[in-house]
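Now for the letters of each chain:
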Amino acid sequence: MMDKISNLLLPIAEKLSKNKYLSAIRDGFVSIMPLVLTASLFTLINCVFVGKGNYLDKWFGMPCTGFAQIGGVIGSASMSVMAILLVFTTSKALASQYKMDTSITGAVAVVSFLCLTPFVSDAKLGEYVTTYYLGAAGMFTAFISAIVSVELLRFLMSFKALLIKMPESVPTGIARSFNSIIPVALTVIIFALLRIVTDAMGAPLNDLIFTWIQTPFTAIVSSPIGMIIIYILYMLLWGFGIHSAYIFNPILEPIYLVSLTANATAIAAHQSATAIITKPFLDSVAFMGGAGNMLALVIAIFIVSKRQDYKVIAKLGFAPALFNISEPLMFGLPVVMNPILIIPMILTTLAGLGIGALATQIGLMAHTYVLIPWTTPPVISAFLATGGDILSGVVGLVILVISILIYIPFVKVMDKEAQVQIEE
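Quantities reported herein were computed from a predicted structural model and do not represent experimental measurements.

Thresholds, definitions, all that
- Residues numbered from 1 in each chain as written.
- Predicted model: local features only at pLDDT ≥ 70, side-chain atom pairs only at ≥ 80, totals over all residues.
- Heavy atoms only, no water.
- Helix = DSSP H or I, 4+ residues; strand = E, 2+ residues; numbered from the N terminus.
- Contact = heavy atoms within 4.5 Å.
- Phe/Tyr/Trp six-rings, centres within 6.5 Å; stacked < 30°, edge-to-face > 60°.
- Buried < 20%, exposed > 50% of the residue type's maximum accessible area, 1.4 Å probe, protein only.
- Lys NZ or Arg CZ within 6 Å of the ring centre and 35° of its normal.
- Core = buried A, V, L, I, M, F, W, Y, C linked by side-chain atoms within 4.5 Å.
- Salt bridge = Lys/Arg side-chain N within 4 Å of Asp/Glu carboxyl O.
- Polar contact = N/O pair within 3.5 Å; in protein donor to acceptor, adjacent residues only side chain to side chain.
- 1 Å grid on protein atoms, 1.4 Å probe; cavity = no way out; pocket = protein on both sides within 12 Å on 5 of 7 lines; lining within 4 Å.
- Points joined across faces, edges and corners; volume = space filled by probe spheres on them.
- Nonpolar A, V, L, I, M, F, W, Y, C, P; charged D, E, K, R; others polar.
- Axes fitted to C-alpha atoms, helices over the stretch in contact; angles between N-to-C directions.
- Parallel < 35°, antiparallel > 145°, perpendicular 65-115°, else oblique.

S.K.: Whenever I open this one, the side chain of Ser 305 confuses me. Can you help?
M.R.: Along the polypeptide, Ser 305 turns up in the loop between helix 15 (294–304) and helix 16 (308–322). Excluding residues within four positions of it along the chain, Ser 305 makes contact with Ala 300, Tyr 310, Lys 311, Val 411 and Asp 415.

Next comes the structure, spelled out in structure tokens:
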């Protein structure tokens, strides 16, 4: 049975993990993570500690509105223009794979994206772009613009007739810029024409992509059935020794970041957050100790296992699991290619998702709106990701306890199986 599943999934997983576009999206997304984490930290500070009615104001009568303004500026300068950042970083990552000039391709990708973006004219303000199109709502448009512009520029630059040759005496950087003038011009012209065509249809391309692609895809991957299918596959691939994050994260994390941004925007405006499935939500309820809730497995081994080798490995893996690093246990116990432990890996993940979503739906757990580092220890992560909500931390603790209880009978089975093998 394991071999049949392996033969079915591994070739698909290998192709996805090596897909150049998914790799570019992943690398582009990783590049902006420090900025997103910084903005999330200031969102947490502004919504919990500083500002009128928050903790410092209640406890000491010090709203620190000046500091709150700093946080607001940082949030607007990063989260509100996330799409532009992703256009540049994703196109740069893809161009690096092709060994193209990353500066030129990055700049062309940003201009191509802006060619698709509606500009508004105002008698007093002049011409401007609303941050709606530059933020989370423009994320899919950003990825499409980055990939298409790089591929189009690469295709056009393959025609020698389109390249302007400069004398050898001209500095390399200037010569390279002149070489690409015609391909660059044609690329942005094509994007501009596409904008004109879609405007004639009655809607900017950004709106069409958001309505036809981004919104339905978000609904699918955030639905109960979608989550079950995705995370069963996620854990199955881990069970076969494939790092699932390299396959799924480029597809899922941008979507969940959009949901997180929507929550953060709502909280900052003193409105109710609505999105349940976000990246910090998943980290807080389904990845306690890393993939497969490895912290729960460690504690289960400490409680019921009689095998010294398991306990030694659990001791070695405890500290990494506390910071959501699962590899020492995955490959040391091992969990990989172990049919007994693959089952509770899937069960604990689905249990955490289900309990967390239900608790959020009925109000026991607050909505997550702070992007915390993925290495934040379990329970604490739920507390911080919800802006310091104590009950959310309690829900995280309940999920951890339930995950331990799920692992315990499987650890006992492993002990018995090992004993039988010794007797034989």
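So much for the structure itself; the text now carries on.
S.K.: Help me understand the packing of aromatic side chains in this model?
M.R.: Both the distance between ring centres and the angle between the ring planes are used here to describe each pair of aromatic rings. Taken as a whole and judged by the stated rule, the model has 9 aromatic pairs. Judged by centre distance (5.1 Å) and plane angle (85°), the rings of Phe 155 and Phe 159 are edge-to-face. According to the relative accessible area criterion, Phe 155 is partly exposed, its value standing at 49%. Residue classification places Phe 159 among the partly exposed positions, given a relative accessible area of 39%. Aromatic pair Tyr 231 and Phe 287: ring centres 6.1 Å apart, planes at 70°, arrangement edge-to-face. Of the two residues, Tyr 231 sits in helix 12 (residues 224–239) while Phe 287 sits in the loop between helix 14 (279–285) and helix 15, which places them 56 residues apart along the sequence. Here Tyr 231 matches Phe 287 in class, with each residue buried. Of the aromatic side chains, those joined through ring pairs into one cluster are Tyr 231, Tyr 234, Phe 248 and Phe 287. Against the face of Tyr 98 rests Arg 154, its NZ or CZ located 3.9 Å from the ring centre. In this structure, Arg 307 is placed above the aromatic ring of Tyr 310, and the distance from its NZ or CZ to the ring centre is 4.1 Å.

S.K.: I tried to follow the environment of Ile 301 on my own but got confused; where do I start?
M.R.: By the element assignment, Ile 301 lies in helix 15. On the accessibility criterion, Ile 301 (1% relative accessible area) is buried. Separated by 10 residues in the primary sequence, Ile 301 and Lys 311 place their C-alpha atoms 6.4 Å from one another. The contacts of Ile 301, once residues within four sequence positions are left out, are Tyr 310, Lys 311, Ala 314, Leu 333 and Val 411.

S.K.: What is the right way to read the nonpolar core from this model?
M.R.: One recurring pattern in soluble globular proteins is that nonpolar side chains are buried together. The biggest cluster of nonpolar side chains holds 70 residues, and the ones touching the most others in it are Tyr 231, Tyr 234, Tyr 256, Leu 282, Met 294 and Leu 297. Counting residues per element, this core draws most heavily on helix 20 (residues 390–423), which supplies 9 residues. Ignoring sequence-local partners within four residues, the contact set of Tyr 256 consists of Val 221, Ser 222, Met 227, Tyr 231, Ile 277, Thr 278, Lys 279 and Leu 282.

S.K.: Would you take a moment to explain the pattern of salt bridges for this structure?
M.R.: One side chain can pair with another of opposite charge once the charged atoms of both are near each other. On inspection of all chains with the given rule, the structure shows 6 salt bridges. In this structure, Arg 26 and Asp 27 form a salt bridge, with 3.5 Å as the shortest nitrogen-oxygen distance. Taken together, the salt bridges that share partners define one network made up of Lys 20, Glu 151 and Arg 154.

S.K.: What's the story with the side chain of Thr 117 in this structure? I'm lost.
M.R.: With respect to the secondary-structure elements, Thr 117 resides in the loop between helix 6 (102–115) and strand 1 (120–122). Among the polar contacts made by the side chain of Thr 117, one reaches the main-chain carbonyl oxygen of Phe 113 at a distance of 2.9 Å. With residues up to four places along the chain from it excluded, the contact list for Thr 117 reads Val 129, Tyr 133, Leu 134, Arg 195 and Asn 206.

S.K.: Honestly, empty space enclosed by the protein in this entry has me stumped. Any pointers?
M.R.: A water-sized probe, rolled over the atoms, reveals where empty space remains. Under the counting rule described, the total for this entry stands at 1 cavity of 30 Å³ or more. Put simply, the largest cavity is a space of about 30 Å³. Surrounding the largest cavity, Ile 32, Leu 35, Val 36, Ser 78, Met 79, Met 82 and Leu 85 form its lining. Secondary-structure elements contributing two or more residues to the lining of the largest cavity are helix 2 (20–49) and helix 5 (82–98). Residue contributions to the lining of the largest cavity peak at 3 residues, all from helix 2. Residue composition of the lining of the largest cavity, grouped by class: 6 nonpolar, 1 polar and no charged.

S.K.: Would you take a moment to explain the packing of helix 11 (residues 205–222) against helix 13 (residues 245–268) for this structure?
M.R.: Angle between the axes and distance between the axes are the two parameters that describe a pair of packed helices. Between helix 11 and helix 13, the least distance of the axes is 10 Å, while the angle of their chain directions is 100°. In this view, helix 11 runs roughly perpendicular relative to helix 13, as classed from their interaxial angle. Residues Gln 214, Phe 217, Thr 218, Val 221 and Ser 222 of helix 11 lie in contact with helix 13, whose contacting residues are Ile 251, Leu 252, Ile 255, Tyr 256, Val 258 and Ser 259. For the contact of helix 11 with helix 13, a count of residues per class yields 7 nonpolar, 4 polar and no charged.

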